[in-house]
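Take a look at the letters that make up each chain.
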Amino acid sequence: MPRINPLPDAEASDDLKVAWAQHIAAYPGSRITNMKATLSHSPLGFAVYMQWYPLYHEVIRIVGERSAYLFAHAVSEASECPVCTTFFRKIIIEHGERPEDLHLTNDEQHLLNFGAEIARNRGEVSDEFFAPMRQRFNDSEVVVMVAFAGQMIATNLFNNVLEVTVDDYLAPYLPLTQPTTHG
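Note that the coordinates shown come from a computational prediction; the quantities given were computed from them, not determined experimentally.

A. View of the overall build of the protein. Helix and strand counts for the protein come out as nine helices and zero strands. Ordering the α and β elements of the protein from the N terminus gives α-α-α-α-α-α-α-α-α. Compactness check: the protein gives a C-alpha radius of gyration of 17 Å against a globular reference of 16 Å for 183 residues, within 12% of the reference. Seen through its C-alpha atoms, the protein measures out along the principal axes to roughly 50 × 40 × 35 Å. Scored against the burial criterion, the 183 residues of the protein give a buried share of 44%. Pairs at least 24 apart in sequence give 68% of the contacts found in the protein among residues at least 6 apart. Distance from the positive charge centre (13 side chains) to the negative charge centre (23 side chains) of the protein: 2 Å.

Structural data, given as C-alpha cells:
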C-alpha cells in the first residue's frame, strides 16, 4: 500500500494537467504512472523528475538504446526498486530478451557493473568499476552516465520511500520470484 496515494486526475490543477499533456506529447508512449501522479502532489517535483527523460535520451545517444535501458535496469535492480526494475524488465522483454539471461558484450557488462555499483555502494565506486568507463568514454560522457545513474537512483528512492505501487500495466512483467529480505 502506498504511503501517499497518486494524485487523482480530478484534484489536478489546470496547470498540472497542461504539464501532464506536454509530457505525454513530448515523449510518445509515456503515460501518467502511479509514480508521476504521486510526484504531482508537488508540481515542481514532477517537473524536476521529468528531466530524467532528456538525460535518458542523452545516454541513448552515447551508448545506444539497448545499453541505455540495460544500464537503467541495472541501477534500478541494485536499488531494489520494484517499480523501476519492472518498468525496465518490460522494455527488455518487449525487445525479445529475458532479463535473467542477457547476452552481453564486455563493454555492456562493464557498463551494467558500473551502474549497479553506483547504486549498491551509494556512489563509492572502486577503480575496478570506474576504469573501464574512463577508457571507453570521454569526460562529458562519463558525467552524463553518472548524472543519469544519480537521477535513476533518485527515482528509485522516491518510489521506495513512498512505496509507490507497481502500475497494473507492468504486472505481467514482474519477476516470477520476488527477492527475500533477511532481517
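B. Up close: unusual backbone geometry. A positive phi angle, near 55°, is found at Glu80, a position not held by glycine. The residue Glu80 is located in the loop between helix H5 (65-78) and helix H6 (82-94) in this model. When its relative accessible area of 61% is taken as the criterion, Glu80 is described as exposed. Backbone geometry at Glu163 places phi at a positive 50°, although glycine is not the residue there.

C. Structural detail: the environment of Ser42. Mapped onto the elements, Ser42 comes out in the loop between helix H2 (34-39) and helix H3 (43-49). According to the relative accessible area criterion, Ser42 is partly exposed, its value standing at 35%. When the C-alpha positions of Ser42 and Pro8 are compared, they lie 13 Å apart, and in sequence the two are 34 residues distant.

D. Region of the structure containing the environment of Asp15. With respect to the helices, strands and loops of the structure, Asp15 is situated in helix H1 (residues 14-26). On the basis of relative accessibility, which here comes to 65%, the residue Asp15 falls in the exposed class. In this structure, the C-alpha to C-alpha distance between Asp15 and Pro43, residues 28 residues apart in sequence, is 8.8 Å.

E. Structural context of the nonpolar core. Within the largest apolar cluster, 49 residues are counted, with the highest numbers of intra-cluster contacts made by Val63, Phe71, Phe88, Leu111, Phe148 and Met152. Elements supplying a minimum of two residues to this core: H1, H2, H3, helix H4 (52-63), H5, H6, helix H7 (106-120) and helix H9 (139-161).

F. Inspection of H9 at higher detail. For H9, with 23 residues, the first-to-last C-alpha span of 32 Å sits near the 33 Å given by 1.5 Å per residue. N-capping of H9 is provided by Asn138, with a side-chain oxygen placed 3.1 Å from the backbone N of Ser140.

The rules behind each value
Residues numbered from 1 in each chain as written. Predicted model: local features only at pLDDT ≥ 70, side-chain atom pairs only at ≥ 80, totals over all residues. Heavy atoms only, no water. Helix = DSSP H or I, 4+ residues; strand = E, 2+ residues; numbered from the N terminus. Rg over C-alpha atoms; globule rule 2.2 N^0.38 Å. Buried < 20%, exposed > 50% of the residue type's maximum accessible area, 1.4 Å probe, protein only. Contact = heavy atoms within 4.5 Å. Lys, Arg positive; Asp, Glu negative; His and termini not counted. Charge placed at Lys NZ, Arg CZ, Asp CG, Glu CD. Core = buried A, V, L, I, M, F, W, Y, C linked by side-chain atoms within 4.5 Å. Expected span 1.5 Å × (residues − 1). Polar contact = N/O pair within 3.5 Å; in protein donor to acceptor, adjacent residues only side chain to side chain.

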